Amino acid sequence: MQMLRSVLLVMLLVLTACGGGGAATSPGNEYGTGGGDSGSTTTDGVDRSKLASKLYFYNWSDYIDPAILEQFKAEYGVEVVVDTYDSNEDMLAKIRAGNSGYDIVVPSDYAVQIMIAEGLAVPIDKSLLSNIVHLDPNLLDQYFDKGNVYSVPYMYGITGIAYNTKFFPNGIDSWAAIFEPDQIAQFAGKFSMLDDSRETPGAALRYIGQSLNSTDPAALARVKEILLAQKPYLAAYNSSDVNRKLASEEYVMAHAWSGTAMQARNGLGDEFSGNPNIAFVIPKEGGMIWMDNLVILKDSPNAYTAHVFINFLMRPEVSAQNTEYIGYLTPNKDALELISPEVRELYAQGFAPDEAMYQRLEWAVRNEGTTAFDDLWTEIKSK
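Computed from a prediction, not measured in an experiment: that's the story for all the values here. (Residues numbered from 1 in each chain as written. Predicted model: local features only at pLDDT ≥ 70, side-chain atom pairs only at ≥ 80, totals over all residues. Heavy atoms only, no water.)

## Brief notes about the overall build of the protein chain
Consideration 1: Scanning the protein chain from terminus to terminus reveals 15 helices and 12 strands.
Consideration 2: Expressed as a percentage of the 383 residues in the protein chain, the buried residues total 57%.
Consideration 3: Pairs at least 24 apart in sequence give 76% of the contacts found in the protein chain among residues at least 6 apart.
Consideration 4: Entry remark: accessible area of the protein chain is about 14400 Å², with carbon and sulfur atoms responsible for 50%. (Helix = DSSP H or I, 4+ residues; strand = E, 2+ residues; numbered from the N terminus. Buried < 20%, exposed > 50% of the residue type's maximum accessible area, 1.4 Å probe, protein only. Contact = heavy atoms within 4.5 Å. Areas by Shrake-Rupley, 256 points an atom, 1.4 Å probe, with all protein chains shown as cover.)

Next comes the structure, spelled out in structure tokens:
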């Protein structure tokens, strides 16, 4: 965790929003097929003759500012077609069969490992990613893709509890608020857990004082008891529209990603209005930290265009705009000073980790033993 701390310590300083980012300066190469605008390499280094007319982007729900897609189309003449998913497992199931039609996906850390192991990703050509210099080096070279051979960071975040302060005026400090039957009975049907085989069992593991990566049979048996006891009180296992339901007060609390909580607090563009009563906490027992990454599929027919799009997303001004919209944490060190003071203030209130919070955060890892979570989750969901 030590090497990640510099990002948020910088982010939480009172900075003056200023400046703009660097433009893409990528050289052309032989990736991909043509089909887009005709012409040769121009001053930004992009060979328009190699651009596809469309790029297919498979992304999480509510995870990119639509205006950025329009800006990319205006500059390069490429339409970015977006489909969405709600879990890494759904995405992996879609692409494993091959010929999914997608060019870029956004797997979380452990899912990058899976994609590499299964030969689903193409190596990144860093000569096409001039804007990679804007990424914080402390967020590169992570355990799931040493050397960033196949992936570059997109956003990162933390997982805890989002809640409405009207219903919890004294705040929340423990996972007990969402797991203990005597505490959740009064909120039956008014809260949710993430529909995720690592996140939800992981939260229960932290609640009982275990690592969220523990596959100890006794610990998983206790987790099963906790989740089955909680299940009758849940509104749903939900990873898709938690932001909207928190904002509208259909939910009073939720097991949620930090950016989802930020969206519930601030709203999401023209999609829905925010609710100023939404707060976010990493419980005292701890929670998860994770990173989502941009990966080009091995069977992508538009790899050159995919590199151009990824490089565009790494421009500091584009990254800052995207971060403001979706509310997660940018790995782009040169975008930090472009983020508004209002968003930075919310980070300081708990929507982003400070030094003390980092001590309670843990990455989800993948190994042979962690397949136990899939079996556990299948059993929980079936009952």
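## Brief notes about empty space enclosed by the protein
Consideration 1: Under the definition given, this model contains 3 cavities of 30 Å³ or more.
Consideration 2: Each pocket or cavity is described by its volume, and for the largest cavity that value is around 280 Å³.
Consideration 3: Elements with a minimum of two residues in the lining of the largest cavity: α4 (109–117), α9 (242–247), β7 (253–257), α10 (258–266) and β11 (287–296).
Consideration 4: Its boundaries defined by the atoms lining it, the second largest cavity holds a volume of some 100 Å³.
Consideration 5: Those elements that place two or more of their residues in the lining of the second largest cavity are β4 (152–164) and α12 (316–326). (1 Å grid on protein atoms, 1.4 Å probe; cavity = no way out; pocket = protein on both sides within 12 Å on 5 of 7 lines; lining within 4 Å. Points joined across faces, edges and corners; volume = space filled by probe spheres on them.)

## Observations concerning the packing of aromatic side chains
Consideration 1: Enumeration according to the criterion identifies 21 aromatic pairs in this entry.
Consideration 2: Geometrically, the ring pair formed by Y63 and Y328 is edge-to-face, given 5.0 Å between the ring centres and 80° between the ring planes. Here Y328 lies in the loop between α12 and α13 (341–351) and Y63 lies in the loop between β1 (54–60) and α2 (66–76), a separation of 265 residues in the sequence. The pair formed by Y63 and Y328 is uniform in burial state, with each residue classed as buried.
Consideration 3: Here Y163 and F168 contribute two aromatic rings whose centre-to-centre distance is 6.1 Å and whose plane-to-plane angle is 80°, an arrangement assigned as edge-to-face. Per residue, the accessibility class of Y163 equals that of F168, and both read buried.
Consideration 4: Positioned above the aromatic ring of Y304, the side-chain terminus of K50 is 5.6 Å from the ring centre. (Phe/Tyr/Trp six-rings, centres within 6.5 Å; stacked < 30°, edge-to-face > 60°. Lys NZ or Arg CZ within 6 Å of the ring centre and 35° of its normal.)

## Some thoughts on the packing of helix α3 (residues 88–96) against α4
In a packed pair of helices, the relevant descriptors are the angle between the two axes and the axis-to-axis distance.
Consideration 1: With their axes 11 Å apart at the nearest point, α3 and α4 run at an angle of 20° to one another. Compared by their axis directions, α3 and α4 come out roughly parallel. The handedness of the crossing between α3 and α4 comes out as right-handed. Counting all contacts with α3, which are made through N88, E89, M91, L92, I95 and R96, the residues of α4 involved are Y110, A111, I114 and M115.
Consideration 2: The residue inventory of the contact of α3 with α4, partitioned by class, reads 7 nonpolar, 1 polar and 2 charged. (Axes fitted to C-alpha atoms, helices over the stretch in contact; angles between N-to-C directions. Parallel < 35°, antiparallel > 145°, perpendicular 65-115°, else oblique. Left-handed = near helix turned anticlockwise from the far one by under 90°. Nonpolar A, V, L, I, M, F, W, Y, C, P; charged D, E, K, R; others polar.)

## Looking at the layout of surface pockets
Consideration 1: Here the largest pocket defines a volume of roughly 220 Å³.
Consideration 2: If you trace the largest pocket, you find 13 residues lining it, with E89, Y110, I114, R366 and D374 closest to the centre.
Consideration 3: Elements supplying a minimum of two residues to the lining of the largest pocket: α3, α4 and α15 (371–382).
Consideration 4: Per-element tally for the lining of the largest pocket: the top contributor is α3, with 4 residues.
Consideration 5: For the lining of the largest pocket, the class distribution of residues is 4 nonpolar, 4 polar and 5 charged.
Consideration 6: If you add up the space inside the second largest pocket, you get close to 160 Å³.
Consideration 7: Forming the walls of the second largest pocket are 13 residues, and the residues nearest its centre are S87, D90, D195, W377 and K381.
Consideration 8: For the lining of the second largest pocket, the secondary-structure elements that each account for two or more residues are α3 and α15.

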